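One letter stands for each residue in the lines below.
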Amino acid sequence: MVEYILQFLASAITEGSIYVLIGLGLVIIHRSTEVMYFAQGTIAMAGGVALYGLFTQGHIPLVAAIPASLLVCIILALASQWIVVLPLLERGVTPLSVSMITIGFATILDMVAMILFGKDPLAVPSFSGDEPAKIFGASIVPQDFWIVGLTILVLFLTLVFFKKTWIGKAMTGLGDNALLAKASGFPVRRLFTFSFVFAGLVGGLAGIVSAPISYTGYWVGTRLVIKGFVAAAVGGINNPVGALLGGLIIGFFESFTAGFISSRLKDLITILLLLLVLRLRPQGLMGEKQIG
Amino acid sequence: MLLDVRQLTAGYANLIVLREISFSMEVGETLAAIGSNGAGKSTLLWALSGMIRPKSGQVLFGERDITGWDCSRIVALGIGHVLQGMHVFSSLSVEDNLMLGAYGQGLNLQTLKDKNLQIVRKYFPVLERKKRQHAGSLSGGEKQMLAIGRCLMCELKLLLLDEPSAGLAPLLVKRLFEILDDLRKEFSLTILLVEQNAEAALRFAHRGLVLAQGQMMLKGEARSLIDNEEVRKIYLGKGTTSGGRS
Amino acid sequence: MTSVKAPVIASWMRRRWQILVLILLILCFPVLIKSYFVTRVGIVLALFAINVTGITLLTRYAGVITLGHSAFFALGAYVSAILTVKLGWNPWLSMGVAAAVTIAFAYLFAVPFLRLRRAYLAMATLGLGEVVFLLAKDLTEITGGVSGIPGIPHLRLGRVTLTEDWQLFYLFGCFVIFFVFVTENIGRTRLGRAYHAIRTNETAAKAMGIDVQRELSRLFCFSALASALAGSLLAHFITFISPESFTIDFSFTLLIIAIIGGANIWGTLATAVVLIGFSEVFRGLQDLSMGFYGLLLIVALFVFPEGLAAALFARGYAHRKTSANDLVPFILDPSTPMNGHTRVQCLPSREKKILGLSNISKNFGGTEALSNVSVSVDYDQIVGIIGPNGAGKTTLLNVVNGFLTPREGKVIFQNREVTNLSPHEMARLGLGRTFQLINLFKGMTVIENVMVGGHLKGRSGILMGGLNLGRPRQEETVIRQAAMRSLEFLGLVDRAYDVVESLPFGEQKLVELARALSMEPALLLLDEPAAGLNSAETERLSGILRRVRERGITIVLVEHNMPLVMTVSDFVLVLDFGRAIAFGTPEEVSTNNEVIRAYLGQEVQGAS
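Residues numbered from 1 in each chain as written. Chains lettered and ligands numbered in written order. Predicted model: local features only at pLDDT ≥ 70, side-chain atom pairs only at ≥ 80, totals over all residues.

Trainee: Sorry if this is basic, but what is going on with the overall build of chain C here?
Mentor: Per the secondary structure count, chain C includes 25 helices and twelve strands. Within the span of chain C, comprising 608 residues, buried residues form 54% of the whole. In chain C, the share of contacts with a sequence separation of at least 24, taken over all contacts with a separation of at least 6, comes to 76%. (Helix = DSSP H or I, 4+ residues; strand = E, 2+ residues; numbered from the N terminus. Buried ≥ 20, exposed ≤ 12 C-beta atoms within 10 Å, placed from the backbone. Contact = placed C-beta atoms within 7 Å.)

Trainee: What am I meant to see in the overall build of chain A here?
Mentor: Looking only at helices and strands, chain A has eleven helices and two strands in total. When the helices and strands of chain A are read in sequence order from the N terminus, they spell out α-α-α-α-β-β-α-α-α-α-α-α-α. For 292 residues, the compact-globule formula gives about 19 Å, and the C-alpha radius of gyration of chain A, at 19 Å, lands near that figure. Expressed along its principal axes, the backbone C-alpha trace of chain A runs to roughly 60 × 45 × 35 Å. In chain A, which comprises 292 residues, the proportion classed as buried is 55%. Within chain A, residue pairs in contact and separated by at least 24 positions form 76% of the contacts whose partners lie at least 6 positions apart. (Rg over C-alpha atoms; globule rule 2.2 N^0.38 Å.)

Trainee: Before we go on, may I ask you to explain the sheet that holds strand β10 (residues 215–221) of chain B in this structure?
Mentor: Pairing between sheet strands relies on hydrogen bonds along the backbone, with the strands arranged either parallel or antiparallel. All names here are of chain B. Strand order in the open sheet formed by six strands is β6-β7-β8-β3-β9-β10, with mixed pairing between adjacent strands. Taken across any chain shown, the strands that pair with only one partner, and hence form the sheet edges, are β6 (79–82) and β10. Adjacent strand axes in the sheet meet at a mean angle of 15°, parallel and antiparallel pairs treated alike. Relative to strand β9 (residues 207–212), strand β3 (residues 30–34) runs parallel, the two sharing four bridges. By the bridge assignment, Leu-31 is partnered in β9 with Arg-207. Helix α1 (residues 41–49) rests against β3, β6, β7 (158–162), β8 (190–195) and β9 of the sheet, and its axis sits at about 145° to β7. (Pairing = 2+ DSSP bridges. Axes fitted to C-alpha atoms, helices over the stretch in contact; angles between N-to-C directions.)

Trainee: Hey, could you run me through the domain arrangement of chain C in this one?
Mentor: Reports of interface size often rely on the accessible area that becomes lost once the parts have come together. Residue and element names in this part refer to chain C. Per the domain assignment, the segments of chain C are domain 1 (17–30 + 38–250) and domain 2 (343–607). Taking only C-alpha atoms, the centre of domain 1 and the centre of domain 2 are 42 Å apart. Residue-level contacts link 23 residues of domain 1 with 30 residues of domain 2. Among the secondary structure elements, those contributing two or more residues to the side of domain 1 that touches domain 2 are α8 (165–188), α9 (190–200), α10 (202–207) and α11 (212–238). When residues in the side of domain 1 that touches domain 2 are grouped by element, the largest group, seven residues, is from α9. Of the residues contributing to the side of domain 1 that touches domain 2, the split by class is eleven nonpolar, seven polar and five charged. (Domains from an automatic or database assignment. Nonpolar A, V, L, I, M, F, W, Y, C, P; charged D, E, K, R; others polar.)

Trainee: Would you mind going over the confidence of the model for chain C with me for this structure?
Mentor: Atomic detail in the predicted coordinates should be set aside for any region of low pLDDT. Confidence in the prediction for chain C averages 85 pLDDT; 89% of positions are at 70 or higher. Across residues 603–608 of chain C the pLDDT falls below 50, and counting only partners more than four positions away or on other chains, this stretch makes 16 contacts in the model. (pLDDT = per-residue confidence, 0-100.)

Trainee: Got a minute to help me understand the packing of helix α6 (residues 166–176) of chain A against helix α8 (residues 188–210) of chain A in this structure?
Mentor: Two numbers describe a pair of packed helices, the interaxial angle and the distance between the axes. All names here are of chain A. Between α6 and α8, the least distance of the axes is 10 Å, while the angle of their chain directions is 105°. Comparing the axis directions of α6 and α8 gives the class roughly perpendicular. Between α6 and α8, the contacting residues are Ile-167, Ala-170, Met-171 and Leu-174 on the first element and Val-188, Leu-191, Phe-194 and Ser-195 on the second. Grouping the amino acids of the contact of α6 with α8 by side-chain chemistry returns seven nonpolar, one polar and no charged. (Parallel < 35°, antiparallel > 145°, perpendicular 65-115°, else oblique.)

Trainee: I'm lost on the sheet that holds strand β9 (residues 523–527) of chain C in this one. Help?
Mentor: Residue and element names in this part refer to chain C. Here we have six strands laid out as an open sheet, ordered β8-β9-β10-β5-β11-β12, and mixed in their pairing. If you trace the sheet from one side to the other, it starts and ends with β8 (431–434) and β12 (579–584), each paired once. If you compare each strand with its neighbour and ignore which way they point, the axes differ by 15° on average. Running over the sheet, helix α16 (residues 393–401) touches β5 (382–386), β8, β9, β10 (554–558) and β11 (571–576) and is turned about 150° from β9. Running over the sheet, helix α21 (residues 505–517) touches β8 and β9 and is turned about 170° from β8.

Trainee: In this structure, what is going on with α11 of chain C? I would like to understand it.
Mentor: Think of an α-helix as turning once every 3.6 residues; residues three or four places apart then point the same way. Residue and element names in this part refer to chain C. Compared with an ideal rise of 1.5 Å per residue, which puts 27 residues at 39 Å, α11 spans 39 Å between its outermost C-alpha atoms and is within 8% of the ideal. Taken across its 27 residues, α11 has 22 buried, putting it largely inside the fold. Thr-239 sits one or two residues past α11 and shows a positive phi near 60°. (Expected span 1.5 Å × (residues − 1).)

Trainee: What exactly am I supposed to notice about the environment of Leu-58 of chain C here?
Mentor: Within the secondary structure, Leu-58 of chain C is located in helix α3 (residues 36–61). Leu-58 of chain C sits in the buried class, given 24 other C-beta atoms within 10 Å.

Trainee: I'm lost on the interface of chain A and chain C in this one. Help?
Mentor: Contacts between the two partners involve 33 residues from chain A, matched on the other side by 33 residues from chain C. Elements represented by at least two residues in the side of chain A that touches chain C include exactly α3 (62–90), α4 (95–117), α9 (220–235) and α11 (266–280) of chain A. Top element by residues in the side of chain A that touches chain C is α4 of chain A. It accounts for twelve residues. Split by residue class, the side of chain A that touches chain C holds 24 nonpolar, four polar and five charged.

Trainee: How do you make sense of the pairing of strand β1 (residues 3–12) of chain B when you look at a structure like this?
Mentor: For a regular strand, the rule is simple: side chains alternate between the two faces of the sheet. All names here are of chain B. Sheet topology note: the β1/strand β4 (residues 56–61) ladder contains five bridges and is antiparallel. Residue Val-5 lies in a different strand from β4, and its bridge partner there is Val-59. The pairing of β1 with strand β2 (residues 15–25) spans seven bridges and is classified as antiparallel. By the bridge assignment for β2, Gly-11 is matched with Ile-16.

Trainee: How should unusual backbone geometry be read in this particular structure?
Mentor: Comment: phi is negative for the bulk of residues other than glycine, and the bulk of peptide bonds are trans. A positive phi angle, near 55°, is found at His-59 of chain A, a position not held by glycine. In this structure, His-59 of chain A sits in the loop between α2 (40–57) and α3. Positive phi is not limited to glycine here, since Ser-188 of chain B has a value of about 50°. Mapped onto the elements, Ser-188 of chain B comes out in the loop between α7 (170–187) and β8.

Trainee: Sorry if this is basic, but what is going on with the packing of α4 of chain A against helix α14 (residues 289–303) of chain C here?
Mentor: Interaxial distance between α4 of chain A and α14 of chain C falls to 7 Å at its minimum, and their mutual angle equals 140°. Between α4 of chain A and α14 of chain C, the angle falls in the class oblique. Here α4 of chain A and α14 of chain C pass one another in a crossing that is left-handed. Within the contact between the two elements, α4 of chain A uses Ile-101, Ile-103, Gly-104, Phe-105, Ala-106, Thr-107, Ile-108, Asp-110 and Met-111 of chain A and α14 of chain C uses Met-290, Gly-291, Tyr-293, Gly-294, Leu-295, Leu-297, Ile-298 and Leu-301 of chain C. Of the residues contributing to the contact of α4 of chain A with α14 of chain C, the split by class is twelve nonpolar, four polar and one charged. (Left-handed = near helix turned anticlockwise from the far one by under 90°.)

Trainee: Is there a simple way to explain the environment of Tyr-215 of chain A in this structure?
Mentor: Residues and elements named next belong to chain A. Locating Tyr-215 in the fold gives a position in the loop between α8 and α9. Overall, Tyr-215 belongs to the partly exposed group, with 14 C-beta atoms counted inside 10 Å. For the pair Tyr-215 and Ile-115, spaced 100 residues apart in sequence, the C-alpha separation works out to 17 Å. For Tyr-215, the contacting residues outside a window of four places in its chain are Pro-121, Leu-122 and Ala-123.

Dropping the structure here:
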């Protein structure tokens, strides 16, 4: 029994970590720009796919391939900011419409990925082998440790960033009170850029660490961004802690469903959770009630 | 002359709120802009601090033409704008709120910040006591002090205050004006004060400006505008026959 | 009498040439193009077109972003398939039941989300689309799971089984024509204006009497119906369905078509033809189609943000400038009161009071915005409300209007208690409103804006309005007449066909007034009508207000412009910090010491 529970916990935390990373990017961008960044999943996909290209195909060592893939993601996120999001926002297009347009950006990237790497699932080997470790009877692969470990590292660094650095605090302030931020002379554009760099980084990381677990490919983005949005919606779309909570909650729900009900239904349960949250508490667990 | 405003016209979208306002301010002077609502008082401050771009006219600060400049550049010059409504960054600490006041300047010199922080501590000791608290938990008066303190962090030369007394109890208002008085004496601070509480503002200021419907109706020494029949008429409607009842 | 009909038909044909072109194209298409392949493409296009009609109204007009219409498409297809294949039902009957089931589903599951903010609604629809897709994949016993349902029977018309592509094309074409016809009619008339109003300014829409929740639910169900029928037709066309056809890509494609096409059915149709046509023709590159759509979307939004139709016809909204001939002649009778319907006639003659507020208190969080405010307004009076900033004046108007509910106190309007009524219900009872900052509906012409004021003069729903026969036409005429009367009254007739954004500020304020007047209200609430006006315009406003009162409309106005308030009001209410500190004639109020102190402030003891 204990192994069963531990196994379930392990997979819950592992899967949840991925969703936390994606959700975190969504929350940071939404907080500063009010845009729902539908391209986040595709950015994650780009990370995984780039890793495939560099590591599996290009035989570049992991130590170099991973940072290079992250760089690709950051560049793509910045491109979306400069080409799409900022120009449209400055023209007065509503954030909601801009959100829809990020879907367009995502489909373009998906198409590029498909052209470059084809339609077959792409295999990326695990970072440190596949020999599972046995912990109290539960079997956990090394990649899971990478995922959870890196997520914890990212969370820690994020916390430090937002609590200790001035840019982080300024970004928090911007999310709090955009008017005051402007009146205080904040370099708002630069802060936006940081939000996108951050999102690119965490999203890319999510795609990179999860690529070895499940095959990656051009279709992965859509699935990830939907889950990421569920995480953000459950937790509260303006709160990074919300992303953490939301991601873990979904991880748990999916694991539970897969383990104890049926693995086919796990996606369904997640979506039903989204609908339930939107119906009962649309602002999420950590969100503030909005009027109207 | 520190501030020279010439024929300033400003508004939002296609709504003109301010029409051809002209006035000037010397270093160390306090000017009170009074008038009832819709007169354009807040708009004046928004146009001066870069929150909105003027539609026409000129704003000169020192020797520089700062017309149409962006907020961040204007803050860097030492012009601080305290918005109406006791705005703070509620999820950050009091200390962070203050330090972020210097963030806009671009120069994050530690010494500069520390020096200004000392000034803030001296004049708003309550902020020092509560420096680790979330700014959202402060009382109204404390938030107002925090807002002013934040401006002090950026080598303040000109302070734009938007209805500082709004929502505050009279005793707090009195205290606030006392602190402002001390500040302006020590640092030759120039203050442009927008207020609805005309009497309090005029007693605090050197000169006054009366606005109505976006236009400047009267200008003059603050003393002369207090208990002034003209001012009263402007506030309560020109040409109202008082019927000898006053 | 028959000789009168011919010119009417001719003028109709001239105006509605697009529909005729469409009908012609559909009729000729299979005849001219003898290619199997192209006819198939045409069928796919037709199915998309049916879907697009609903989405155009919902997304581009009403501004509801939906990412899950694949759900309704799927439901229509699957229910039809299941009923005909597993239960052997008649395909037409199944189609009807599929449509009914889908509408029920839309009503039960999507409509409750309509009251959420648009962003959350978008996510909810995304969720719904995914749920249906996943259920289709999982409920293998019912839906055939991933393999789908094969062997769906063909449709039959009488004794003819529709197996040939050209037969199906004509059948589908009929559906297309019907839905396009309905959509176009709605777009041009009362409901279309209402949807546009909801999108551009929901607050003002409510104040004009539009029941936003109800209109959006009905529209949503209508669009679900369109998709469901298209889904059923799809099932009987391919005779096989599987979950693959009902993914999120389908919903995105619809959305992209709507965004690129604009608020105009012809724009969206044209876009659909181009996008889907290309993707069908270049079948080998079909996988790249979503990427191309995304690229087109981004490019389109930079080049023509209002949509394709707007770029081609230089208008953001589906409106054609009607010629003078189209205006049904009317006679402006100066003696006609403009408040015909809404002023309650049957009150006992001693009832002078139109509005009574007793002990109204309202707070927001910890702040008391209104404290125990009581006032009464008689019929045919002009009452001004003044007070320093934050005194609660606009809050008071919002309480009367129904946007806010007081914590305590009662509001009595025309002898009824209305404290808890919502804004559109208040509008129905005869309350009109203008707003502090301009709350006009951007993208519509002046007369269209004013006609929204007449929304309550019509009752036709989507189908009636869509067919545009009989009653809806009469309603349009009545609404247009009321609008023209208002414009005449305010001297704005020349501007009737200009887009509101192009008007100078002062005239925009008048348009807002005209809009409220065409509601023919008994009581008009004006929030700072003189704000931003210069002295000449303010003078003019003064005169207008008096003439409005002469027409039998009571006015309550919030103002800061003292000269105006004092000259035009019969009585003035002064608020300070949420309390009523004075009520009397302008004389009395301007010499009241408390009032003077409230405005000019008091000396703060001890300040230097």
